[in-house]
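# Geometric and topological summary
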Amino acid sequence: MAKGRIHIDEGRCQGCALCFEFCSNKVIAIATETLNAKGYHPAVVVSPENCTGCSVCALVCPDVAITVERGKD
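Residues numbered from 1 in each chain as written. Predicted model: local features only at pLDDT ≥ 70, side-chain atom pairs only at ≥ 80, totals over all residues. Heavy atoms only, no water.

## So, the nonpolar core
When a protein is soluble and globular, its nonpolar side chains tend to lie buried together. Counting 13 residues, the largest nonpolar core has Ile-6, Ile-28 and Ile-66 as its most contacted members. Contacts of Ile-6, omitting those with residues within four sequence positions, involve Val-27, Ile-28, Val-45, Cys-51, Cys-57, Ile-66, Thr-67 and Val-68. (Core = buried A, V, L, I, M, F, W, Y, C linked by side-chain atoms within 4.5 Å. Buried < 20%, exposed > 50% of the residue type's maximum accessible area, 1.4 Å probe, protein only. Contact = heavy atoms within 4.5 Å.)

## Some thoughts on the environment of Val-60
Relative to the elements of secondary structure, Val-60 occurs in helix 2 (residues 56–60). You can call Val-60 partly exposed: its relative accessible area is 23%. Distance in space between the C-alpha atoms of Val-60 and Cys-19 is 6.4 Å, their sequence separation being 41 residues. Those residues in contact with Val-60 that lie beyond four places of it in its chain are Leu-18, Cys-19 and Phe-22. (Helix = DSSP H or I, 4+ residues; strand = E, 2+ residues; numbered from the N terminus.)

## Some remarks on unusual backbone geometry
A positive phi angle is found at Lys-26, which is not glycine, with a value near 55 degrees. Residue position: Lys-26 is located in the loop between helix 1 (18–22) and strand 2 (28–30). At Val-64, a position not held by glycine, the phi torsion is positive, near 50 degrees. Tracing the chain through its elements places Val-64 in the loop between helix 2 and strand 4 (66–72). On the accessibility criterion, Val-64 (58% relative accessible area) is exposed.

## Considerations on the side chain of Asp-63
Structurally, Asp-63 can be placed in the loop between helix 2 and strand 4. One buried charged side chain, Asp-63, makes no salt bridge at all; its nearest oppositely charged neighbour is Lys-38, positioned 6.2 Å away. Only 3.2 Å separates the side chain of Asp-63 from the backbone nitrogen of Gln-14, close enough to count as a polar contact. Apart from residues no more than four positions distant in its own chain, Asp-63 is found in contact with Arg-12, Cys-13 and Gln-14. (Lys, Arg positive; Asp, Glu negative; His and termini not counted. Salt bridge = Lys/Arg side-chain N within 4 Å of Asp/Glu carboxyl O. Polar contact = N/O pair within 3.5 Å; in protein donor to acceptor, adjacent residues only side chain to side chain.)

## Here we look at the confidence of the model for the protein
The pLDDT averaged across the protein works out to 94; a share of 95% of its residues lies at or above 70. Across the protein, helix 2 holds the top mean pLDDT of 98, while strand 4 sits lowest at 89. (pLDDT = per-residue confidence, 0-100.)

## Focus: the side chain of Asn-36
Here Asn-36 lies in the loop between strand 2 and strand 3 (43–45). Note on Asn-36: relative accessible area 11%, which makes it buried. In this structure the side chain of Asn-36 is engaged in a polar contact, spanning 2.7 Å, whose partner is the backbone oxygen of Glu-10. At 3.0 Å, the side chain of Asn-36 forms a polar contact with the backbone nitrogen of Lys-38. Other than its neighbours up to four places away in sequence, Asn-36 contacts Glu-10, Gly-11, Cys-13 and Pro-42.

This is the structure we're talking about:
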């Protein structure tokens, strides 16, 4: 089964939460206690083991703040 890993550039993230809403595996959450340099609550990876590498999060991110790596188990 393919596995993936995502990287979120918290500095670019504007906290729109689209990645969180579209991630069916609950890999991403919005940091409620942290602010980035722009003053937004950024998206963060909370369950990396659940990532399948589908890249939906990167496709819906309007800030191009997410990159996806794909691999195999």
